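Observations on the three-dimensional arrangement
What follows is each chain in one-letter form.
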Number of protein chains: 2
Amino acid sequence: MKLQVAIDRVSLAAAIDLATSLDGIADVIELGTSLVKDYGLIALQDIKATLQKSALLMDVKTIDEGVYEFEKGYEANADILTVMGASDLATLKAVYEVAQKAHKQVLIDLLNMDEADIEPLLIFEDAIFGLHHSHDSANAFDAAGSVKHFHEVFPSIQHIAVAGGIDLEQVQKLSADGIAEVAIVGGKIAGADDPVAAGKQFKGAL
Amino acid sequence: MKLQVAIDRVSLAAAIDLATSLDGIADVIELGTSLVKDYGLIALQDIKATLQKSALLMDVKTIDEGVYEFEKGYEANADILTVMGASDLATLKAVYEVAQKAHKQVLIDLLNMDEADIEPLLIFEDAIFGLHHSHDSANAFDAAGSVKHFHEVFPSIQHIAVAGGIDLEQVQKLSADGIAEVAIVGGKIAGADDPVAAGKQFKGAL
């Protein structure tokens, strides 16, 4: 299983520091939506060049204007970009095509979607499907349980990522189950007193 | 009816030029999602001070982390911010509360939503409801017809904005019907050879 570390709600300078210090510890470094909307893709485009090992995801959360946003995101040197599953199917098809042509990846964010609405998205075989609990929801989220259930409902989906309050115990469960391809950890690493030590601890638990 | 002009997919300098030259012609100047994601809210925060008359909308398309994004957007001097209707209800409640406290406005973007899913959103009485056709959809969009139908289904909704390929003829129809509060025009004004002349022509048609 891969470890993705999400960096969010920090200054641009702090984001660059965090990204470079977590390079090679995180398999994927995520520049969260807050960084995209606060600073913009143009300001983020040089971060990829500072990374030697980790892939870079920019959480653009595209929901319309798919070609424009994905072309801009890959130009800003993202390896992986995100699109909302709740988008028009035309938007999903458009970004998938941009990703395939660029030999890059797309993560479909399933936030707030019913299973019936996920069904038409199974055509996007190479996409990563992101199980993602709303930050604003007060409900508790069982990451490992959600991945198990999702895999039972959609056994054909190959690439599953999961995010939402994931701690060390959840990472161990996810790793033992062997279904999810990516565990996305945010504050428990990026917000730790020692993010490098925390990152290594999570990495060791995989 | 109010005229909202959307500025999108241009450089920051061109966006500032367009915004200042359309000040007072457009009732609302919209800084589109492309500007938010390309340049970031921090780079857009000084635009409001250049406007004497027009209100400023930033099309942030929030779909999670409602409080954070809306606080940042209003700090960047937006009068109106947008949230996706497809968000978790907790996100919609959160941004609505931030807007009410700040005495500012929220536009709920109904992109790609079924009528059944719109029903729970009727509690947001002061919100502007945005009928919004996906840019990526190949289907034609009848703005005036859509507004009429929407008003029949949801007669209690007071504030309706409509966007999607709106030309002079559609603006005249919308104005004659008197249902929509805001007509959102993009390329037909911002992309015209003479945006000021085009803006005045649309304004005259209201």
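Residues numbered from 1 in each chain as written. Chains lettered and ligands numbered in written order. Predicted model: local features only at pLDDT ≥ 70, side-chain atom pairs only at ≥ 80, totals over all residues. Heavy atoms only, no water.

Attention now moves to the relation of the copies chain A and chain B. When chain A is fitted to chain B, the best match, at an RMSD of 0.0 Å, comes from turning it 180° and sliding it 0.0 Å along the axis. What the superposition gives is, in effect, a two-fold axis relating one chain to the other. Taking the C-alpha atom as reference, chain A places Gly 40 of chain A closest to the rotation axis, 1.9 Å from it. Most of the interface of chain A is mirrored in chain B: 100% of its interface residues are interface residues there too. (Least-squares fit on C-alpha atoms with pLDDT ≥ 70 in both. Contact = heavy atoms within 4.5 Å.)

Inspection of the secondary structure assignment puts Ile 63 of chain B in the loop between strand E3 (55–62) and helix H4 (66–75). Spatially, the C-alpha atom of Ile 63 of chain B lies 13 Å from that of Met 113 of chain B, the residues being 50 residues apart in sequence. For Ile 63 of chain B, the contacting residues outside a window of four places in its chain are Lys 61, Ile 63, Met 84 and Leu 111 of chain A together with Met 84, Ser 87 and Thr 91 of chain B. (Helix = DSSP H or I, 4+ residues; strand = E, 2+ residues; numbered from the N terminus.)

This next bit is on helix H1 (residues 12–22) of chain A. Residue and element names in this part refer to chain A. Along H1, the residues classified as buried are Ala 15, Leu 18, Ala 19 and Leu 22. For H1, the angular spread of the buried residues around the axis is 100°, confining them to a single face. Across H1 from its buried face, at more than 90 degrees, point the exposed residues Ala 13 and Asp 17. Packed against the buried residues of H1 are strand E1 (2–7), strand E2 (28–31), helix H2 (33–39), helix H9 (187–190) and helix H10 (195–205). Among the residues trailing H1, Gly 24 stands out with phi positive, at a value near 85°. (Buried < 20%, exposed > 50% of the residue type's maximum accessible area, 1.4 Å probe, protein only. Arc of directions from axis to C-beta.)

A separate point is the side chain of Ser 54 of chain B. All names here are of chain B. In this fold, Ser 54 is placed in the loop between helix H3 (41–44) and E3. Given a relative accessible area of 2%, Ser 54 falls into the buried group. Within the local environment of Ser 54, its side chain forms a polar contact with the backbone oxygen of Ala 26, the two atoms lying 2.5 Å apart. Excluding residues within four positions of it along the chain, Ser 54 makes contact with Leu 22, Asp 23, Gly 24, Ala 26, Asp 27, Ile 29 and Lys 48. (Polar contact = N/O pair within 3.5 Å; in protein donor to acceptor, adjacent residues only side chain to side chain.)

Now for the pattern of salt bridges. With the rule as written, the count across this model stands at 14 salt bridges over all chains. Measuring nitrogen to oxygen at the nearest pair gives 2.6 Å for the salt bridge that ties Glu 65 of chain A to Arg 9 of chain B. Here Arg 9 of chain B lies in the loop between strand E1 (2–7) and helix H1 (12–22) and Glu 65 of chain A lies in the loop between strand E3 (55–62) and helix H4 (66–75), a pairing that spans two chains. Classification of Arg 9 of chain B as partly exposed rests on a relative accessible area of 43%. Glu 69 of chain A is paired through a salt bridge with Lys 37 of chain B; the nearest N and O atoms lie 2.9 Å apart. Taken together, the residues Glu 69 of chain A in helix H4 and Lys 37 of chain B in helix H2 (residues 33–39) connect one chain to another. Considered together, Glu 69 of chain A and Lys 37 of chain B belong to a single accessibility category, that of buried residues. (Salt bridge = Lys/Arg side-chain N within 4 Å of Asp/Glu carboxyl O.)

Once that is clear, we can look at the pairing of strand E6 (residues 128–132) of chain B. Across a regular strand the side chains alternate sides, sitting on one face of the sheet and then on the other. All names here are of chain B. For E6, the buried fraction is high: five of the five residues fall into the buried class. For strand E5 (residues 105–109) and E6, the ladder comprises three bridges, and the chain directions are parallel. Directly across from Leu 107, in E6, lies its bridge partner Ile 128. Two strands pair when backbone bridges link them, and E6 and strand E7 (residues 159–163) are joined in this way by five bridges, in the parallel orientation. Within the sheet, the bridge partner assigned to Ile 128 lies in E7 and is His 159. (Pairing = 2+ DSSP bridges.)

Another point: the pairing of E7 of chain B. All names here are of chain B. The buried fraction of E7 amounts to four of the five residues, a majority that puts the element mostly inside the structure. Viewed along the sheet, the connection from E6 through helix H7 (residues 143–153) into E7 turns out right-handed. For E7 and strand E8 (residues 182–185), the ladder comprises three bridges, and the chain directions are parallel. Each bridged residue has a counterpart across the sheet, and for Ala 161 the counterpart in E8 is Val 182. (Right-handed = clockwise from strand over helix to strand, strands pointing away.)

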